[in-house]
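# Summary of the model geometry
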Amino acid sequence: MAGQSMDIVAKVLEQQVLQSARLVEEQLDAELGKLEKMDEDDLEKLKERRLEALKKAQKQKQEWLSKGHGEYREIPSEKDFFSEVKESKNVVCHFYRDSTFSCKILDKHLTSLAKKHLETKFIKLNVEKAPFLTERLHIKVIPTMALVKDGKTKDYVVGFGDLGNTDEFPTEVLEWRLGCADIITYSGNLLEPPTIGQKSGSKFTKVDKKTIRGKGYDSDSDSDDD
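Predicted model only: the values in this text are computed from it and were never measured.

## Some details on the overall build of the chain
- A tally of helices and strands in the chain yields six helices and seven strands.
- When its helices and strands are written in sequence order, the chain yields α-α-β-α-β-α-β-α-β-β-β-α-β.
- Burial status across the chain gives 36% buried among its 226 residues.
- For the chain, contacts bridging at least 24 residues in sequence account for 71% of all contacts bridging at least 6.
- If you sum the accessible surface of the chain, you get close to 15000 Å²; carbon and sulfur atoms cover 53% of it.

In structure tokens, the structure reads:
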């Protein structure tokens, strides 16, 4: 009896595999049929469209590079911040302080992402050189990343709370968080953070406005030198 059941299951699986194979074959035949129906003029037009798309993409890349995209760099003053965000659609600005160890961790990840996501400008600014801007943007916790789209600050990543509450988060998690803010072009699943290298105790929280007590800047890391 058991043997008959196994035979039935095997036959059902075989039929499903054959059906899937036929569907794939039919799709391939349809695509090949379209190509066969194209004459030389159609193929030439297709080639021209693809070439035009490549030229457009290359032109966009060169434009981004000319505006400082593709590298993670420091801007000297808060005055430069306004000109930097004005000329680029998507900007990530890391507000840092030399004595905060968490900022050095963030530098490593942002350097990697700047090379990968040419569509976004990645910059950093020392908060001690930007008192007016940090006050205007209500930046109190260091590190903080301001995510600027079309010249307007749309979101903040404050400390590591959105990155698993750990100093050991992978770059993929920060990439996911920036993708959720639509500040980079993200190809993964935005519904949940990547789990690559995550510890079981890591937690992800939604960005909320933080209540700041006292004066000056708060550090998000216990390893801050202050």
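From this point on, the discussion continues.
## Topic: the nonpolar core
- Of all hydrophobic cores here, the largest spans 20 residues; its most connected members are Val 92, Leu 110, Phe 122, Met 145, Leu 147, Leu 174 and Leu 178.
- For this core, the elements supplying multiple residues, two or more each, are α4 (101–116), β5 (144–149) and α6 (171–180).
- At five residues, α4 tops the list of elements feeding residues into this core.
- Not counting the four nearest positions on each side in its chain, Leu 178 is found in contact with Val 92, Leu 113, Phe 122, Leu 147, Ile 183 and Ile 184.
- Cys 103, Ala 130, Ile 139 and Val 148 belong to the second-largest nonpolar core, a separate cluster that totals 18 residues.

## Things to note about the pattern of salt bridges
- Scanning the model with the defined rule gives eleven salt bridges in all.
- Lys 121 is the salt-bridge partner of Glu 84, the closest N and O atoms lying 2.7 Å from each other. Separated by 37 residues along the polypeptide, Glu 84 in helix α3 (residues 78–87) and Lys 121 in strand β3 (residues 121–126) bring together distant segments of the chain.
- By relative accessible area, Lys 121 is classed as buried at 0%.
- We note a salt bridge from Asp 182 to Lys 149, for which the minimum N-O separation is 4.0 Å. Note that Asp 182 is positioned in the loop between α6 and β7 (218–219) and Lys 149 in strand β5, a separation of 33 residues in sequence.
- By relative accessible area, which is 48% here, Asp 182 ends up partly exposed.
- In this structure Lys 149 comes out as buried when scored by relative accessible area, which is 15%.
- Connected via shared salt-bridge partners are Arg 73, Glu 84, Glu 87 and Lys 121.

## Examining the side chain of Thr 120
- If you trace the backbone, Thr 120 turns up in the loop between α4 and β3.
- Side-chain polar atoms of Thr 120 contact the backbone oxygen of Ile 183, separated by 2.6 Å.
- Not counting the four nearest positions on each side in its chain, Thr 120 is found in contact with His 69, Asn 90, Val 91, Val 92, Ile 183 and Ile 184.

## Looking at the environment of Ser 88
- The topology assignment puts Ser 88 in the loop between α3 and β2 (90–96).
- Its relative accessible area of 4% is what places Ser 88 among the buried residues.
- Along the chain, Ser 88 and Gly 68 lie 20 residues apart, while their C-alpha atoms are 9.3 Å from each other.
- If we ignore the near neighbours within four places in the chain, the residues touching Ser 88 are Lys 67, His 69 and Lys 121.
- At a separation of 2.8 Å, a polar atom in the side chain of Ser 88 contacts the side chain of His 69.

## Section: unusual backbone geometry
- For the bond from Ile 142 to Pro 143, the omega torsion is 5°, close enough to zero to count as cis.
- Looking at where Pro 143 falls in the secondary structure, it is placed in the loop between β4 (141–142) and β5.
- Of note, the phi angle at His 138 is positive, near 60°, even though the residue is not glycine.
- Here His 138 lies in the loop between α5 (131–136) and β4.
- Residue classification places His 138 among the exposed residues on the basis of a relative accessible area of 67%.
- Here the phi dihedral of Asp 150 falls at roughly 55°; this positive angle occurs in a residue that is not glycine.

The rules we used
- Residues numbered from 1 in each chain as written.
- Predicted model: local features only at pLDDT ≥ 70, side-chain atom pairs only at ≥ 80, totals over all residues.
- Heavy atoms only, no water.
- Helix = DSSP H or I, 4+ residues; strand = E, 2+ residues; numbered from the N terminus.
- Buried < 20%, exposed > 50% of the residue type's maximum accessible area, 1.4 Å probe, protein only.
- Contact = heavy atoms within 4.5 Å.
- Areas by Shrake-Rupley, 256 points an atom, 1.4 Å probe, with all protein chains shown as cover.
- Core = buried A, V, L, I, M, F, W, Y, C linked by side-chain atoms within 4.5 Å.
- Salt bridge = Lys/Arg side-chain N within 4 Å of Asp/Glu carboxyl O.
- Polar contact = N/O pair within 3.5 Å; in protein donor to acceptor, adjacent residues only side chain to side chain.

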